[in-house]
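One-letter residues, chain by chain:
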Amino acid sequence: MIRIRNLYKTYQVDGRAVTALRDINLEIGRGEIFGIIGRSGAGKSSLIRTLNLLERPSSGHIEIDGQDITALDAQGLVNLRQQTGMVFQHFNLLMARTVEENIVFPLKLAKKPIDPQHIQQLLELVGLQDHRHKYPAQLSGGQKQRVGIARALANAPKLLLCDEATSALDPQTTQAILQLLLDINRRMGLTIVLITHEMNVVKSICDRVAVIDAGEIVELGPVSEIFLHPAHPATQSMLAESGGQNEAEWQAALAMAQGAVLRLSFTGATTHQPLLHELAQQWGIAFNILHGTIGRIKDTPYGQLIVEVAQANTVDITALQDAFAARGVRTDILQQGKRP
Ligand SMILES: Nc1ncnc2c1ncn2[C@@H]1O[C@H](COP(=O)(O)OP(=O)(O)O)[C@@H](O)[C@H]1O
Ligand SMILES: [Mg+2]
């Protein structure tokens, strides 16, 4: 369990103070995949790097499993770093060493015995058993990152930090690496903190997400909540770029609608039920679908529909919202009916 309290980070640049993190408060549970999303310069790297003290906080507390890591002595710091794996955007491999030598490197640094079976298991875990004697220059980007992941796991850490681990990869390779991280999380119960600027990364594997903007956490919650009901403009714009709810698109549809307009959010089992049809029959009304998206958040299917309720003047919208709520569907009123 990680607990961050009142964390600040200020850099001195040419005698000027640049505040990169402002009053960060976070708790990350054991075994969780926790995403931190934000634009370039938002403070993501500064934040993740405080978790293994690659950056020292200017003030505030960071507890890992009940221990204040900012108070560690030199040996404590060495132990912390060994228990914390890190994966980087540009892999940071040793170019003059083979795949196997790269993976073994942290064990050598820690002066730990090297068990060939352990190395074999790491190679198999990341699917590189046939590439162990190659050099990084002979590998694809995805394979390089697999080396990076195996190296990060060599010391059997409890916590894995991923700093834009898929940002240098194409979309297909990104998905393969994300599925590998998810697999590792499930098999080993490893806690993963990952930072990214891409909503799709968060949507694929994270349980919860914090949105960071200009050094502050502006939104925090389960991925489905943040994804379906983004409250902060920074979240909304990153979402639109990732092909999620595009406000401009449905605003156009909204302008045409005469009746009341609702946004319906379905998650899990409700996504596949014929609720609209059922309610339309029961209420003797019609729904015009103006905009819709469906997809998956981690393992959970979701749908979001923007519908116009025809004959809205004769329908009690609040009662209709209750009927949706009773079926597990969240509704937001985007427009009241325009009376003729
Ligand atoms: N070592 C550093 N020295 C001075 N300023 C830094 C340093 N690292 C980051 N910053 C500044 O802190 C802010 C946040 O940077 P960073 O944490 O790298 O953001 P992100 O990872 O979200 O792009 C930026 O304004 C950046 O210029
Ligand atoms: Mg960064």
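Residues numbered from 1 in each chain as written. Chains lettered and ligands numbered in written order. Predicted model: local features only at pLDDT ≥ 70, side-chain atom pairs only at ≥ 80, totals over all residues. Heavy atoms only, no water.

**Student:** Looking at this model, I keep getting lost on the domain arrangement of the protein chain. Mind explaining?
**Tutor:** Many structure descriptions define interface size as the accessible area lost when the parts assemble. For the protein chain, the assigned domains are domain 1 (2-241) and domain 2 (247-335). For domain 1 and domain 2, the distance between their C-alpha centres works out to 38 Å. Across the boundary between the two partners, domain 1 contributes 15 residues, which contact 13 residues of domain 2. In total, about 1,100 Å² of surface goes out of reach between domain 1 and domain 2, with carbon and sulfur atoms giving 52% of it. Counting the contacts that link domain 1 with domain 2 gives three salt bridges. Asp-207 is the salt-bridge partner of Lys-298, the closest N and O atoms lying 2.6 Å from each other. Across the domain 1-domain 2 interface, the total number found is 10 residue pairs in polar contact (both at pLDDT 80 or more). Counting only elements with at least two residues in the side of domain 1 that touches domain 2, the list comes to helix 6 (171-188), helix 7 (199-205) and helix 8 (223-228). For the side of domain 1 that touches domain 2, the element with the highest residue contribution is helix 8, accounting for five residues. (Domains from an automatic or database assignment. Contact = heavy atoms within 4.5 Å. Buried area = accessible area lost by both parts, 1.4 Å probe. Salt bridge = Lys/Arg side-chain N within 4 Å of Asp/Glu carboxyl O. Polar contact = N/O pair within 3.5 Å; in protein donor to acceptor, adjacent residues only side chain to side chain. Helix = DSSP H or I, 4+ residues; strand = E, 2+ residues; numbered from the N terminus.)

**Student:** Before we go on, may I ask you to explain the site of ligand 1 in this structure?
**Tutor:** Neighbouring residues of ligand 1: Tyr-11, Val-13, Ala-20, Arg-39, Ser-40, Gly-41, Ala-42, Gly-43, Lys-44, Ser-45 and Ser-46. Between an oxygen atom of ligand 1 and a main-chain N or O atom of Gly-41, the distance comes to 2.6 Å. The separation between an oxygen atom of ligand 1 and a polar main-chain atom of Gly-43 is 3.0 Å. Going through the elements one at a time, strand 1 (2-13) and helix 1 (44-50) are the ones with two or more residues in the shell around ligand 1. If one sorts the elements of the shell around ligand 1 by residue count, helix 1 sits on top with three residues. When the residues that make up the shell around ligand 1 are grouped by side-chain class, the tally is four nonpolar, five polar and two charged. (Near = heavy atom within 4 Å. Nonpolar A, V, L, I, M, F, W, Y, C, P; charged D, E, K, R; others polar.)

**Student:** Explain the pairing of strand 9 (residues 208-213) here, please?
**Tutor:** Within a regular strand, the side chains alternate between the two sheet faces. Relative to strand 9, strand 3 (residues 33-37) runs parallel, the two sharing four bridges. In the sheet register, Ile-37 faces strand 9, and the bridge partner there is Val-211. One ladder, built from six bridges, connects strand 9 with strand 10 (residues 216-222); its direction is antiparallel. Paired with Val-211 across the strands is Glu-219, a residue of strand 10. Remark: two residues form the turn of the hairpin made by strand 9 and strand 10, two consecutive strands paired antiparallel; Ala-214 in that turn has positive phi of roughly 45 degrees. (Pairing = 2+ DSSP bridges.)

**Student:** Please explain empty space enclosed by the protein as it appears in this structure.
**Tutor:** Empty space among the atoms becomes apparent when a probe as large as a water molecule is rolled across them. A full pass over the atoms with the stated rule returns one cavity of 30 Å³ or more. As for the largest cavity, its lining consists of Cys-162, Glu-164, Ala-165, Thr-166, Ser-167, Leu-178, Leu-181, Leu-194, Ile-195, Thr-196 and Val-201. Sort the elements by how many residues they give to the lining of the largest cavity and strand 8 (residues 191-196) lands first, with three residues. (1 Å grid on protein atoms, 1.4 Å probe; cavity = no way out; pocket = protein on both sides within 12 Å on 5 of 7 lines; lining within 4 Å. Points joined across faces, edges and corners; volume = space filled by probe spheres on them.)

**Student:** Which parts of the structure should I look at to understand the packing of helix 5 (residues 141-153) against helix 6?
**Tutor:** Two quantities define a packed helix pair, namely the angle between the helix axes and the distance between the axes. Where helix 5 meets helix 6, the axes come as close as 10 Å, and the angle between the chain directions of the two elements is 20 degrees. Classified by the interaxial angle, the pair formed by helix 5 and helix 6 is roughly parallel. Viewed along their axes, helix 5 and helix 6 form a crossing whose handedness is right-handed. Taken together, the residues of helix 6 that come into contact with helix 5 (itself represented by Gly-142, Gln-145, Arg-146, Ile-149 and Leu-153) are Thr-173, Ala-176, Ile-177, Leu-180, Leu-181 and Ile-184. Each residue belonging to the contact of helix 5 with helix 6 can be placed in one class, and the counts come to seven nonpolar, three polar and one charged. (Axes fitted to C-alpha atoms, helices over the stretch in contact; angles between N-to-C directions. Parallel < 35°, antiparallel > 145°, perpendicular 65-115°, else oblique. Left-handed = near helix turned anticlockwise from the far one by under 90°.)

**Student:** Looking at this structure, how should I read the packing of aromatic side chains?
**Tutor:** Geometry of an aromatic ring pair is reported as the spacing of the ring centres plus the angle between the planes. A full pass over the atoms with the stated rule returns two aromatic pairs. Here Phe-227 and Tyr-302 contribute two aromatic rings whose centre-to-centre distance is 5.3 Å and whose plane-to-plane angle is 70 degrees, an arrangement assigned as edge-to-face. Of this pair, Phe-227 sits in helix 8 while Tyr-302 is found in strand 13 (residues 300-309), placing the two residues 75 residues apart along the sequence. Neither Phe-227 nor Tyr-302 differs from the other in exposure class; each is buried. (Phe/Tyr/Trp six-rings, centres within 6.5 Å; stacked < 30°, edge-to-face > 60°. Buried < 20%, exposed > 50% of the residue type's maximum accessible area, 1.4 Å probe, protein only.)

**Student:** So what exactly am I meant to see when it comes to the nonpolar core here?
**Tutor:** Within soluble globular proteins, side chains that are nonpolar generally end up buried alongside one another. With 50 residues, the main nonpolar core has Ile-149, Leu-153, Leu-160, Cys-162, Leu-181 and Leu-194 as its most contacted residues. Element by element, the count of residues in this core is highest for helix 6, at six residues. With near-sequence residues (within four places) excluded, Leu-160 lies in contact with Gly-85, Met-86, Val-87, Ala-152, Leu-153, Leu-181, Leu-190, Thr-191, Ile-192 and Val-193. Ranked by size, the runner-up nonpolar core spans 27 residues in total, among them Ile-2, Ile-64, Met-86 and Ile-212. (Core = buried A, V, L, I, M, F, W, Y, C linked by side-chain atoms within 4.5 Å.)

**Student:** What am I meant to see in helix 5 here?
**Tutor:** Quick reminder: α-helices carry 3.6 residues per turn. Residues three or four places apart thus point the same way. The end-to-end C-alpha distance of helix 5 is 19 Å, a good match for the 18 Å that 13 residues give at a rise of 1.5 Å each. By the criterion of burial, helix 5 is predominantly enclosed, with 10 of the 13 residues buried. Turning to helix 5, its buried residues are Gly-142, Gln-145, Arg-146, Val-147, Gly-148, Ile-149, Ala-150, Arg-151, Ala-152 and Leu-153. Next to the buried residues of helix 5 lie strand 6 (84-88), helix 3 (99-109), helix 4 (116-125), strand 7 (159-163) and helix 6. (Expected span 1.5 Å × (residues − 1).)

**Student:** Teacher, can you tell me more about the sheet that holds strand 10 here?
**Tutor:** Note on sheets: strands pair through backbone hydrogen bonds, and any given pair is parallel or antiparallel. Spatially, 6-7-8-3-9-10 is the arrangement adopted by the six strands of the open sheet, whose pairing is mixed. With one partner strand each, in any of the chains shown, strand 6 and strand 10 form the two edges of the open sheet. Neighbour to neighbour, the strand axes of the sheet diverge by 15 degrees on average, direction disregarded. Strand direction decides the pairing type here: strand 3 and strand 8, joined by five bridges, are parallel. Within the sheet, the bridge partner assigned to Gly-35 lies in strand 8 and is Leu-194.

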